[in-house]
Amino acid sequence: MIFDAHCDALMKLWMDRTLSFQDGKSLHVTFQSLVEAKTKVQCFAIYIPENVPEEARFTAALEMIDIFFEQIINRFPNMKFVQSKREIKALADNEIGAMLTLEGCEAIGTNLAKLKTLLRLGVSSVGLTWNWANSVADGAWEQRGAGLTRFGKQVVTQLNEANCWVDVSHLSEKAFWDVLEMARFPIASHSNTYALCPHPRNLRDEQIRALIHKNGMIGITFVPYFVKKEKEKATISDVLRHLEHVCSLGGEYHVGFGSDFDGIEETVAGLENVRCYENLVNELQKHYSETEVERFLFRNFYEHLPR
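Described in the following lines is the structure provided in the data block. Bear in mind that the values here come from a model prediction, so they are computed numbers and not experimental data.

Criteria and cut-off values
Residues numbered from 1 in each chain as written. Predicted model: local features only at pLDDT ≥ 70, side-chain atom pairs only at ≥ 80, totals over all residues. Heavy atoms only, no water. Axes fitted to C-alpha atoms, helices over the stretch in contact; angles between N-to-C directions. Helix = DSSP H or I, 4+ residues; strand = E, 2+ residues; numbered from the N terminus. Left-handed = near helix turned anticlockwise from the far one by under 90°. Contact = heavy atoms within 4.5 Å. Nonpolar A, V, L, I, M, F, W, Y, C, P; charged D, E, K, R; others polar. Buried < 20%, exposed > 50% of the residue type's maximum accessible area, 1.4 Å probe, protein only. Pairing = 2+ DSSP bridges. Right-handed = clockwise from strand over helix to strand, strands pointing away.

**With respect to the packing of helix H11 (residues 277–287) against helix H12 (residues 290–303)**
At their nearest, the axes of H11 and H12 sit 9 Å apart, and the two run at 145° to each other. Seen from above, H11 lies across H12 with right-handed handedness. Where H11 approaches H12, its residues Tyr277, Leu280, Val281, Leu284 and Gln285 are matched on the opposing element by Glu290, Val293, Phe296 and Leu297. Looking at the contact of H11 with H12 residue by residue, the class counts come to 7 nonpolar, 1 polar and 1 charged.

In structure tokens, the structure reads:
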């Protein structure tokens, strides 16, 4: 069983309305590939592309939620909308849980009611920024490197009250530490280790230790340039080095995977789409026990769900 904490299929389906979630050729994540990969839970991110005008971003988020329900949940009886451990546990063997997440608070501007609306529509995890600054916090590529704004602290408080994951992937370092002080349920849905690949989107050892101490989760991601700094092709072995590094910091029960499929153009060799999780499983089984493999692929994220 697989619990994947991040993909951007909704963005692609929103940008190209001719694509089919059944088996769209340009999609890394499709219904057919999820079935073949034996995925149990797939998180679907609402990510608003940078070129969407500010006044249209909330509408775009609502349209992606509509696509989620109309083209994924309603069209495929075996795809079930889930928000809690109980709902995941209730899935039949042939059913796949689909979770809604938000990647960046650009969609809500400075309006807390918009955030509450997205939560009521089923969003279970909220990433506070993409790579730049917004009204909540600074992102990882923002040169200023500021932390949470006053509004950002209101957002985190709201997410705490809603028993919602606060996703620190994409945050500046200062914002990361601000969130760790406040958030009840912090995760990094798709980030790797800075020690192995010094990219601004990756987490330093002290950040990883802090997430572990706060009982958070780290989703190792398949973005090639977060995996390996050299220009050589990143491989599954390189991905597993990041997993092992998190484990070496005490994170055996706090690490899983967040592929970022459909949010990337280049892929790791052997991890070209969701079907290729089989290759990852095979590689994991060479190095870890069945219990550990099951924990990394599914149980750690499942057990850290706040609801």
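**Digging into the pairing of strand S5 (residues 123–127)**
In terms of burial, S5 is a largely internal element, 5 of the 5 residues being buried. As paired elements, strand S4 (residues 96–103) and S5 share 4 bridges and run parallel to each other. Looking at the pairing, Glu103 lines up with Gly127 of S5. Since S4 and S5 lie parallel, the crossover through helix H5 (residues 112–120) that links them has a hand, and here it is right-handed. Relative to strand S6 (residues 165–167), S5 runs parallel, the two sharing 3 bridges. In the sheet register, Val126 faces S6, and the bridge partner there is Val166. Between the parallel elements S5 and S6, the chain passes through helix H6 (residues 150–161) in a crossover that is right-handed.

Any functional reading would require information beyond the geometric quantities listed.
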